[in-house]
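Read off the chains here:
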Amino acid sequence: MFPKASFTSLIVGVFLLYVLHTCWVMYGIVYTKPCEKPKADNCISPYLAGKPRLQLSVYTALRPNADGGHSLIHREEEFDVNTPFERLVNVSLPKKTRKNGTLYAMVFVHQAGVTPWQDPHQVHLVTQLTTYMMPKPPEISLITGQDDPQKPDQQKQSGDSDLDRPVSHWRSRLTLNVVSENFQFDREALPGDVHRYMRVYQNGKKMIYLPLLFVDELSNRVKDLMEINSSSTELPLTISYDSIALGKLRFWIHMQDAVYSLQQFGFTEKDADEIKGIFVDTNLYFLALTFFVAAFHLLFDFLAFKNDISFWKHKKSMVGMSSRAVLWRCFSTIVIFLYLLDEQTSLLVLIPAGIGSLIEIWKVKKAFKIHVIWRGLIPTFLFGKQDESEKRTGEYDTLAMKYLSYLLYPLCLGGAGYALVFVKYKSWYSWIINSLVNGVYAFGFLFMLPQLFVNYKMKSVAHLPWKAFMYKAFNTFIDDVFAFVITMPTSHRLACFRDDVVFLVYLYQRWLYPVDKTRVNEYGVSYDEEPKGKPHKD
């Protein structure tokens, strides 16, 4: 019959199928089937093949359909689709926009010498020049109460506006693209993503499609936003243009739709901005590498989670395991989660940190043998007893923590005092969380040393969950790649590289203390204690 496959092998097989399917889907996105017979009736020919004289015009309006009037802000007279350019224009803001309203940009590509409304073959797109975001709360010195120096209009705005109300922000960049290649589409194999950007007209028996105009929404980053207040009569707008290949256009359309879908599921503008940065701020080859790295990160995350849960589920003895290291990991992950929440970090980083905090709380319950008994709404906590081997491990653990406390506590208290005097914060809570997390990031790896000390004293590493540990180690190096891709606090980025050093020390101990089958393994039993089967008779 069929050989019995392990659950891990099944997951790896599904993962490989997922990677192959993703590669096939990506190939289908970037490759478009051309029309095999250019003169056939089912071919759609490009309007640009006739090399018409074109003009690019950009208007602003309070409504997307231009009801209520429109204003011309830029006109590119001799518009060549193959020539990139960048223009800086000053846009006058209507009174409604200054009062927390919106403003739209209407982009036209049309025949030169006439207005867009006189050209039957014009193409246009409408995009927002404003977006709503929560204003950043001001930071003050908690001792003197003095805030950062601001311009008078900004002080007035921050004093009058409610920080809990979204405020209109100005998008200072408008990125435009037009497909420059003379590609002939097959009407029966027309991609759906291109179809919505395509305008077609009949010229005799031929079908002609007008220029494919695209507004790059992915280039609108949060760092480029400017808060609009009542005194802002004019704001700068950078209009940049470049041609785009058909394959990249289709890929960009799909990525833009994916970001929009995430926003519909509750992702904020800041969360979506982190994903935009992956696509906009990275090289195309590095972007492809990021996709594959992210897929392997997902696989290793799942396998590490599976093996870690399995290890602690069957863990009945803490022999050789540092209980204080487990408690510290629980405390540090909770502090890091609260810090990321206070910094309004991307959900890409926040959600895994929250799940990790719950898992570490469960580990503490297992490590200290805590049993919770509920008497109505009041919980009672019962702690299990330790055997002699666990007490000896606890003595090593206590000794290591004693030496660490001489170094760790003065550094943490000194850093918190320095930050209180010289650094500005939003609130006392923000100072407490930042001080704790700085201690975790800067000196937290010292709390991993008690486990190394216990390994040294026991001359063994057989009690460690090596399968889960190796998966986490692989993810540590993958996190090093993501540290350059995803926006996160600098201290969180440095912590990714700090874990690499500890991992190398663990590997050295793994080599230094080979597996001894007379010692207990990760489940608290010895190989020599396992019941032996009957000897085989020839």
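Cut-offs used in this document
Numbers given to residues run from 1 along each chain, matching the order in which its sequence is written. Residue-level local features of this predicted model are given only where pLDDT is at least 70; pairs of side-chain atoms are given and counted only at 80 or more, and the full residue set underlies all totals for whole chains, interfaces and linings. Here the side-chain values reflect all heavy atoms present in the structure, with hydrogen atoms and water set aside. Numbering of helices and strands runs from the N terminus, with a helix taken as a DSSP run of H or I at least four residues long and a strand as a DSSP run of E at least two residues long. Buried residues are those whose accessible area, probed at 1.4 Å on protein chains only, stays under 20% of the maximum for their type, while exposed residues exceed 50% and partly exposed ones sit between those limits. By the convention used here, residues are in contact when the closest approach between their heavy atoms is within 4.5 Å. Areas reported here follow the Shrake-Rupley algorithm with a probe of radius 1.4 Å; residue values treat only the protein chains shown as occluding. To estimate how far a helix should extend, the number of its residues minus one is multiplied by 1.5 Å. Two strands qualify as a pair provided DSSP detects at least 2 bridges between them. Whether two aromatic rings pair depends on their centres lying within 6.5 Å, for rings of Phe, Tyr and Trp, where Trp uses its six-membered ring; planes under 30 degrees apart make the pair stacked, over 60 edge-to-face, and the rest tilted. Think of each axis as a best-fit line through the C-alpha atoms, taken over the contacting stretch in the case of a helix, with angles from 0 to 180 degrees between the N-to-C directions. For classification purposes, an angle smaller than 35 degrees is called roughly parallel, one larger than 145 roughly antiparallel, one from 65 to 115 roughly perpendicular, and anything else oblique. Polarity classes work like this: nonpolar for Ala, Val, Leu, Ile, Met, Phe, Trp, Tyr, Cys and Pro, charged for Asp, Glu, Lys and Arg, and polar for all others, with Gly in that last group. Pairs of N or O atoms within 3.5 Å make up the polar contacts considered here, provided that, within protein, one atom can donate a hydrogen while the other can accept it, and that residues adjacent in sequence are counted only when both atoms are side-chain atoms. Cysteine sulfur atoms that come within 2.5 Å of each other are treated as a disulfide pair. Nonpolar core, defined: a set of buried Ala, Val, Leu, Ile, Met, Phe, Trp, Tyr and Cys residues in which side-chain atoms within 4.5 Å join the residues together. Grouping into patches uses exposed residues only, defined as over 30% relative accessible area, and leaves out salt-bridged ones; the cut-off is 9 Å for like charges and 5 Å for nonpolar side chains (Val, Leu, Ile, Met, Phe, Trp, Tyr). Basic side-chain nitrogens of Lys or Arg form a salt bridge, by our definition, when they fall within 4 Å of a carboxyl oxygen of Asp or Glu. Scored from 0 to 100, pLDDT records how confident the predictor is in each individual residue.

(A) Broad picture of the overall build of the chain. Counting its secondary structure elements, the chain contains 14 helices and 17 strands. In the chain, which comprises 538 residues, the share counted as buried stands at 43%. Partitioning the contacts of the chain with sequence separation of at least 6, the portion at a separation of at least 24 is 78%. Accessible area for the chain stands at about 30,800 Å²; split by element, carbon and sulfur atoms hold 61% of it.

(B) Highlighting helix H8 (residues 323–342). Taking 1.5 Å of rise per residue, the 20 residues of H8 would be expected to cover 28 Å, and the 29 Å separating its terminal C-alpha atoms lies within 8% of that figure. Of the residues making up H8, those classed as buried are Ser 323, Ala 325, Val 326, Trp 328, Cys 330, Ser 332, Val 335, Ile 336, Tyr 339, Leu 340 and Asp 342.

(C) Spotlight on the sheet that holds strand S10 (residues 185–186). Here four strands make up an open sheet; going across it, the order is S10-S1-S12-S11 and the pairing mixed. Either end of the sheet is taken by a strand with one partner, and the two such strands are S10 and strand S11 (200–203). Strand direction decides the pairing type here: S11 and strand S12 (residues 206–209), joined by four bridges, are antiparallel. Pairing of Val 200 across the sheet is with Tyr 209, part of S12.

(D) Molecular detail of the packing of aromatic side chains. Counted according to the given criterion, the structure contains 14 aromatic pairs. With a centroid separation of 6.4 Å and 70° between ring planes, the pair formed by Tyr 47 and Tyr 201 is classed as edge-to-face. Pair noted here: Tyr 47 is in the loop between strand S1 (43–46) and strand S2 (54–61) and Tyr 201 is in strand S11, with a separation of 154 residues, a long-range link. Since its relative accessible area comes to 16%, Tyr 47 is described here as buried. Note on Phe 108 and Trp 117: the rings are 5.2 Å apart at their centroids and 50° apart in plane angle, and the pair reads as tilted. Here the aromatic cluster, defined as three or more aromatic residues joined through ring pairs, consists of Trp 24, Tyr 27 and Tyr 31.

(E) Structural detail: the environment of Asp 224. You can see Asp 224 is positioned in the loop between strand S13 (213–215) and strand S14 (225–227). Each C-alpha atom, one on Asp 224 and one on Ser 172, is 6.0 Å from the other, the two residues being 52 residues apart in sequence. Apart from the residues lying within four places of it in its own chain, the contact partners of Asp 224 are Trp 170, Ser 172, Arg 173 and Ser 219.

(F) Expanded view of helix H5 (residues 246–264). Between its first and last C-alpha, H5 extends 27 Å over 19 residues, near the 27 Å set by a 1.5 Å rise per residue. Taken together, the buried positions of H5 are Leu 246, Gly 247, Leu 249, Arg 250, Phe 251, Trp 252, Ile 253, Met 255, Gln 256 and Val 259.

(G) Here's a closer look at the packing of helix H1 (residues 7–30) against H5. Look at H1 against H5: their axes get within 7 Å of each other, and the N-to-C directions meet at 120°. Here H1 is positioned oblique relative to H5, judged by the angle of their axes. Judged by residue contacts, Met 26, Gly 28, Ile 29 and Val 30 of H1 engage Gly 247, Arg 250, Phe 251 and His 254 from H5. Residue classes in the contact of H1 with H5 are distributed as four nonpolar, three polar and one charged.

(H) Spatial organisation of the sheet that holds strand S15 (residues 234–244). Sheet architecture is open: four strands sit in the order S4-S15-S9-S13, paired in mixed fashion. Of all the strands in the sheet, just strand S4 (85–92) and S13 have a single pairing partner and so form its edges. Between one strand axis and the next, the sheet turns through 25° on average, direction left out of account. Pairing geometry for S4 and S15, over eight bridges, is antiparallel. Counterpart to Leu 88 in the pairing with S15 is Thr 238.

(I) Examining the side chain of Arg 171 more closely. Counting through the fold element by element, Arg 171 comes out in strand S8 (residues 167–171). Taking relative accessible area as the criterion, Arg 171 reaches 12% and is therefore assigned buried. A polar side-chain atom of Arg 171 sits 3.3 Å from the main-chain carbonyl oxygen of Gln 128.

(J) Up close: the state of the cysteines. In this structure the tally under the stated criterion is one disulfide. Disulfide pairing places Cys 35 opposite Cys 43 at an S-S distance of 1.6 Å. Residues Cys 35 and Cys 43 share a disulfide whose torsion about the S-S bond is about -65°; that sign makes it left-handed. Comparing Cys 35 with Cys 43 shows no difference in burial state: the two are buried.

(K) Expanded view of the nonpolar core. The biggest cluster of nonpolar side chains holds 32 residues, and the ones touching the most others in it are Phe 79, Trp 170, Leu 174, Leu 176 and Leu 237. Where this core is concerned, the elements lending two or more residues are S2, strand S3 (70–79), S4, strand S5 (104–111), strand S9 (173–179), S13 and S15. For this core, the leading source of residues is S15, giving four residues. Core analysis: the next-biggest nonpolar cluster, separate from the first, contains 26 residues, Phe 185, Leu 218, Leu 249 and Val 259 among them.

(L) Focus on a nonpolar patch on the surface. A surface patch of nonpolar side chains, about 540 Å² in accessible area, is lined by Trp 24, Val 25, Tyr 27, Val 30 and Tyr 31. With respect to the helices and strands, Tyr 31 occurs in the loop between H1 and S1.

(M) Summary view of unusual backbone geometry. Residues other than glycine seldom take positive phi values, yet Lys 51 does so here, at roughly 50°. In this fold, Lys 51 is placed in the loop between S1 and S2. Of the residues examined, Lys 51 reaches a relative accessible area of 71% and is grouped as exposed.

(N) The arrangement of the confidence of the model for the chain in detail. When pLDDT is averaged along the chain, the result is 77, and 75% of the positions lie at 70 or above. In the model, residues 149–161 has pLDDT below 50 throughout and makes eight contacts with residues more than four positions away in sequence or in other chains. Here residues 522–538 is modelled with pLDDT under 50, and outside its nearest four sequence neighbours on either side it reaches 19 contacts, counting other chains as well.

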